[in-house]
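Below are the chains, spelled out letter by letter.
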Amino acid sequence: GVDLIFVPNTQELYPKEDRFSVIPPSNFTQRAEATARPTHFAGVATICTKLFNIVQPSYAYFGQKDALQCVAMKQLVADLNIPINIRICPTER
């Protein structure tokens, strides 16, 4: 079950247009699957970092269907010393 849901609005997460972002290393942004979405990993890395810092969870769960994103999240928390355990789960839709 779920005890609490955190649902911030866009204004709360992005209060101004000019802001810092998390820039993933080139081994993520230059891969074939990333070239069609050139800003995807920067956006994912930035929003996940913001949410991890706000909520400070013990675990974060990601669907295994997007394998590169799962690898990116594991590297993100390791490289930035974010104390979260990344769990990869079967993707269910």
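Residues numbered from 1 in each chain as written. Predicted model: local features only at pLDDT ≥ 70, side-chain atom pairs only at ≥ 80, totals over all residues. Heavy atoms only, no water.

### Topic: the packing of aromatic side chains
Evaluation of the coordinates by the stated rule reveals one aromatic pair. Sitting over the ring of Tyr14, Lys50 keeps its end group 5.4 Å from the ring centre. (Phe/Tyr/Trp six-rings, centres within 6.5 Å; stacked < 30°, edge-to-face > 60°. Lys NZ or Arg CZ within 6 Å of the ring centre and 35° of its normal.)

### Description of the pairing of strand β2 (residues 85–89)
Two strands pair when backbone bridges link them, and strand β1 (residues 59–63) and β2 are joined in this way by five bridges, in the parallel orientation. In the sheet register, Ala60 faces β2, and the bridge partner there is Ile86. Between β1 and its parallel partner β2, the chain crosses via helix α5 (residues 67–79), and the hand of that crossover is right-handed. (Pairing = 2+ DSSP bridges. Helix = DSSP H or I, 4+ residues; strand = E, 2+ residues; numbered from the N terminus. Right-handed = clockwise from strand over helix to strand, strands pointing away.)

### Remarks on the confidence of the model for the protein
In this model, the protein carries a mean pLDDT of 88, and residues with pLDDT of at least 70 account for 98%. Taken element by element, the predicted model of the protein shows its lowest mean pLDDT in helix α3 (residues 32–35) (70) and its highest in β2 (96). (pLDDT = per-residue confidence, 0-100.)

### Describing a nonpolar patch on the surface
A cluster of nonpolar side chains, namely Val2, Ile5 and Val7, defines an oily patch on the protein surface of about 350 Å² accessible area. You can see Val7 is positioned in the segment before α1 (10–13). Judged by its relative accessible area of 65%, Val7 is exposed. (Patch = residues over 30% accessible without salt bridge, like charges linked within 9 Å, V, L, I, M, F, W, Y side chains within 5 Å. Areas by Shrake-Rupley, 256 points an atom, 1.4 Å probe, with all protein chains shown as cover. Salt bridge = Lys/Arg side-chain N within 4 Å of Asp/Glu carboxyl O. Buried < 20%, exposed > 50% of the residue type's maximum accessible area, 1.4 Å probe, protein only.)

### What to know about α5
A rise of 1.5 Å per residue sets the reference length of α5, with its 13 residues, at 18 Å; its end C-alpha atoms lie 18 Å apart and thus fit the reference within 8%. Those residues of α5 lying buried are Leu68, Gln69, Cys70, Ala72, Met73, Leu76 and Val77. One or two residues past the end of α5 sits Asn81, with phi positive at roughly 55°. (Expected span 1.5 Å × (residues − 1).)

### Brief notes about the packing of helix α4 (residues 40–55) against α5
Each pair of packed helices can be summarised by the angle the axes make with each other and by the distance between the axes. Two numbers describe how α4 lies on α5: the axes approach to 11 Å, and their chain directions differ by 50°. As summarised for this structure, α4 and α5 are arranged oblique, according to the angle between their axes. Two packed elements cross with a definite hand, and for α4 against α5 that hand is right-handed. Two secondary-structure elements touch here, α4 through His40, Phe41, Val44, Ala45, Cys48, Thr49 and Phe52 and α5 through Leu68, Gln69, Ala72, Met73, Leu76 and Val77. A breakdown of the residues in the contact of α4 with α5 according to their chemical character gives ten nonpolar, three polar and no charged. (Axes fitted to C-alpha atoms, helices over the stretch in contact; angles between N-to-C directions. Parallel < 35°, antiparallel > 145°, perpendicular 65-115°, else oblique. Left-handed = near helix turned anticlockwise from the far one by under 90°. Contact = heavy atoms within 4.5 Å. Nonpolar A, V, L, I, M, F, W, Y, C, P; charged D, E, K, R; others polar.)

### Side note on the side chain of Gln69
Relative to the assigned elements, Gln69 resides in helix α5. Here the side chain of Gln69 touches His40 through a polar contact of 3.1 Å, side chain to side chain. (Polar contact = N/O pair within 3.5 Å; in protein donor to acceptor, adjacent residues only side chain to side chain.)

### Remarks on the environment of Asp3
As for its placement among the helices and strands, Asp3 is situated in the segment before α1. Distance in space between the C-alpha atoms of Asp3 and Arg37 is 34 Å, their sequence separation being 34 residues.

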